[in-house]
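Architecture at a glance
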There are 2 protein chains.
Amino acid sequence: MTIAERSFTTTERPQARGKWRSFMSREIVCHQDDPVTDIYRVETGAVMLYQILRDGRRQIVDVLYPGDYFGFGDGTIQDCFAETLMACDVIAWRRDDAFSTVEWCHAFTAAMQRKLGAMHDHVTLLGKKTALERVASFLMRFVPECSGRLCNGAPPADYGRVTHDVYMSRREIADYLGLTLETVSRAISQLKREGMIEAPRPTQIAIKEICRMCKVAALH
Amino acid sequence: MTIAERSFTTTERPQARGKWRSFMSREIVCHQDDPVTDIYRVETGAVMLYQILRDGRRQIVDVLYPGDYFGFGDGTIQDCFAETLMACDVIAWRRDDAFSTVEWCHAFTAAMQRKLGAMHDHVTLLGKKTALERVASFLMRFVPECSGRLCNGAPPADYGRVTHDVYMSRREIADYLGLTLETVSRAISQLKREGMIEAPRPTQIAIKEICRMCKVAALH
DNA sequence: CGCGACCTTGATGATGATCAAACAACGTGG
DNA sequence: CCACGTTGTTTGATCATCATCAAGGTCGCG
């Protein structure tokens, strides 16, 4: 089961007055510069957030999985587009409803702390890592046990046997990692040549040598 | 009055059971990988957050000003060093105390929303902008009215007359913007040559032509 | 089969990193 | 007061990484 396929058990998370909404792949949930009305939480699937500069450059600033919140911008105006990477379920709350209960606030603050830590890691990736390190770091996200600072050095037993679906095109990966699609493609080819990963098809990858990948990714 | 010199009026912000602490310039408030015990809020001054990779590369992931919270990592372990850029006052809460009141949670969630939006902008800067655009964007932070997406096109009346203190060295600016100190220096020199800024000394700048700077920074 | 979308690979070039040296500001001690 | 060392900044010359430009390859589908 991939990260994106996980879903929340509804009992342990507040959802009073929240409205379930389903989206197809590549649907836009909200637009940059739109007013903020609702707050969303991903329940199943995956959503990308991106900003577009006036001259058309696009930066994918985050990729969201179940449990992640989005759609609140700076509190008044959306700072990003939110677009689904696959079929998704999300819960939408009216802003005022959402913040009215204490449990909701707690769930939200916990999610925000996790998210901010992840953003810090991503800033370090963009500011300091080479192309190969970025791509390796990106692929290691599919092994959550080993990609964060929680890693205890023990990879899951079945790693190397599992193939992960990458729901992003080369262009999207590139726009996420601050590279071009050609550079991403070259880096993936290099990791394949060196035997660290396999890719039966472009959108599927299997990580064959976790510890080498981890070193290449400059994760620990 | 600069951003860093602003301070909060204590009445409008919850601080029950919070403990005031004062720091000198360049003191380390908390260490990467330390356990999380307290949550801090900057009251006066400025604090930088940075991560250090195993081979010594440093990325400054954020610069905090009054009203910003820090020190909570992913909830258990610090993900960053926090170091003061100048003399600072902060309030420290025990984690459990902090989240016990509703008002505190509301203040915290509001701050986190602002911060996450700012991080998105910074990710776009790191992922897509050129060296000159990054440096110009950085300097435009000293004119908050014009640097964000709240900008209404009307610069403050006294701009160009005000010199701003940059409490960061060229190396720190570089580590923040994902560049080298030489590249930062060259970009600043270019902006000076073209008359957009003045710099009576390296750590002080005055923005002379806000609208041109804004264009160079690719802000709007 | 042929078209379109996406990916891969190659050749060339530009931006920014690296290496290096000179310069400015500042504090200390003779 | 000035020589000197220290630290940080500026500027120049060269180099490497990644972007750009270009062509060919793979896959799915009408």
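Keep in mind the model is a prediction, meaning the values are calculated, not measured. (Residues numbered from 1 in each chain as written. Chains lettered and ligands numbered in written order. Predicted model: local features only at pLDDT ≥ 70, side-chain atom pairs only at ≥ 80, totals over all residues. Heavy atoms only, no water.)

Overview of the relation of the copies chain A and chain B
To keep it simple, the criterion reads: All copies are superposed by least squares; the fitting set is the C-alpha atoms of residues with a pLDDT of at least 70 in both. Contacts are residue-level and defined by heavy atoms, with any inter-residue pair within 4.5 Å sufficient.
Aligned on chain B, chain A shows an RMSD of 0.0 Å; the corresponding rotation is 180° and the shift along the axis is 0.0 Å. As the rotation angle and translation indicate, the two copies are arranged about a two-fold axis. Of all interface residues in chain A, 100% are interface residues in chain B too; the two copies therefore contact each other through one and the same surface.

Details of the protein's contact with DNA strand C
The condition that has to hold: Here a residue is near a molecule or strand as soon as one of its heavy atoms is found within 4 Å of it. Nitrogen and oxygen atoms within 3.5 Å of one another constitute a polar contact, given that in protein one can donate a hydrogen and the other can accept it, and given that sequence-neighbouring residues count only through two side-chain atoms. Strands are runs of DSSP state E lasting at least 2 residues, helices are runs of H or I lasting at least 4, and numbering of each runs from the N terminus. Three classes are used, and their members are as follows: Ala, Val, Leu, Ile, Met, Phe, Trp, Tyr, Cys and Pro are nonpolar, Asp, Glu, Lys and Arg are charged, and the others, Gly among them, are polar.
The local shell around DNA strand C holds 18 residues, among which A:Arg170, A:Arg186, A:Ser189, B:Ala131 and B:Thr183 are the closest. The sugar-phosphate portion of DNA strand C accounts for 64% of its atoms within 4 Å of the protein, the bases making up the rest. Here a phosphate oxygen of DNA strand C and a side-chain polar atom of B:Thr180 are 3.1 Å apart. Between DNA strand C and B:Arg186 there is a distance of 3.1 Å, counted from a base oxygen to a side-chain nitrogen or oxygen. For the surface near DNA strand C, the element with the highest residue contribution is helix H6 (residues 181–193) of chain A, accounting for 6 residues. By residue class, the composition of the surface near DNA strand C is 4 nonpolar, 7 polar and 7 charged.

Details of the interface of chain A and chain B
Where the parts come together, the accessible area they lose is often given as the size of the interface. To keep things clear, this is the line we draw: Computed with a 1.4 Å rolling probe, the buried area is the accessible surface lost when two parts are put together, summed over both parts. The salt bridge criterion pairs a side-chain nitrogen of Lys or Arg with a carboxyl oxygen of Asp or Glu, the two atoms within 4 Å.
Of the residues lining the interface, 49 residues belong to chain A; the matching set on chain B comes to 49 residues. Summed over the three residues of chain A that lose the most area to chain B, namely A:Gln113, A:Lys128 and A:Arg149, the buried surface amounts to 17% of that side. Linking chain A to chain B there are 4 salt bridges. In this structure, the salt-bridge partner of A:Arg57 is B:Glu133, at a minimum N-O distance of 2.9 Å. The interface formed by chain A and chain B holds 18 residue pairs in polar contact (both at pLDDT 80 or more) in total.

Let's talk about the side chain of A:Arg58
Definition in use: Residue exposure (1.4 Å probe, protein chains only): buried if accessible area is under 20% of the type maximum, exposed if over 50%, otherwise partly exposed.
The residue A:Arg58 is located in strand E5 (residues 58–64) in this model. For A:Arg58, a relative accessible area of 17% puts it in the buried group. Here A:Asp175 takes part through its side chain, which lies 2.8 Å from a polar atom of the side chain of A:Arg58. Setting aside residues no more than four positions away along its own chain, A:Arg58 makes contact with A:Met48, A:Tyr50, A:Gln51, A:Ile52, A:Arg171, A:Glu172, A:Asp175 and B:Lys128.

What about the packing of aromatic side chains?
Residues and elements named next belong to chain A. Quick reminder of the rule: Here a Phe, Tyr or Trp ring, Trp counted by its six-membered ring, pairs with any other such ring whose centre lies within 6.5 Å, and the pair is stacked when the planes are under 30 degrees apart, edge-to-face when over 60, and tilted otherwise. Comment: the charge-over-ring label is applied if NZ (Lys) or CZ (Arg) is within 6 Å of the ring centre and within 35 degrees of the ring normal.
Tallied over the full model, the rule gives 24 aromatic pairs over all chains. Ring centres 5.2 Å apart and planes at 75° place the aromatic pair Phe 99 and Trp 104 in the edge-to-face group. Comparing Phe 99 with Trp 104 shows no difference in burial state: the two are buried. Members of the aromatic cluster, joined through ring pairs, are Tyr 69, Phe 72, Trp 93, Phe 99, Trp 104 and Phe 108. If you follow Arg 58 out to its NZ or CZ, it ends over the ring of Tyr 50, 5.3 Å from the centre.

Examining the protein's contact with DNA strand D
As a structural note, the neighbourhood of DNA strand D is formed by 18 residues, with A:Ala131, A:Thr183, B:Arg170, B:Arg186 and B:Ser189 the closest of them. Counting only atoms of DNA strand D within 4 Å of the protein, the fraction found in sugar and phosphate groups is 62%. Within the side chain of A:Thr183, a nitrogen or oxygen atom sits 2.5 Å from a phosphate oxygen of DNA strand D. The leading source of residues in the surface near DNA strand D is helix H6 (residues 181–193) of chain B, at 6 residues. Residue composition of the surface near DNA strand D, by class: 4 nonpolar, 7 polar and 7 charged.

Limitation: the analysis is restricted to geometry and does not speak to function.
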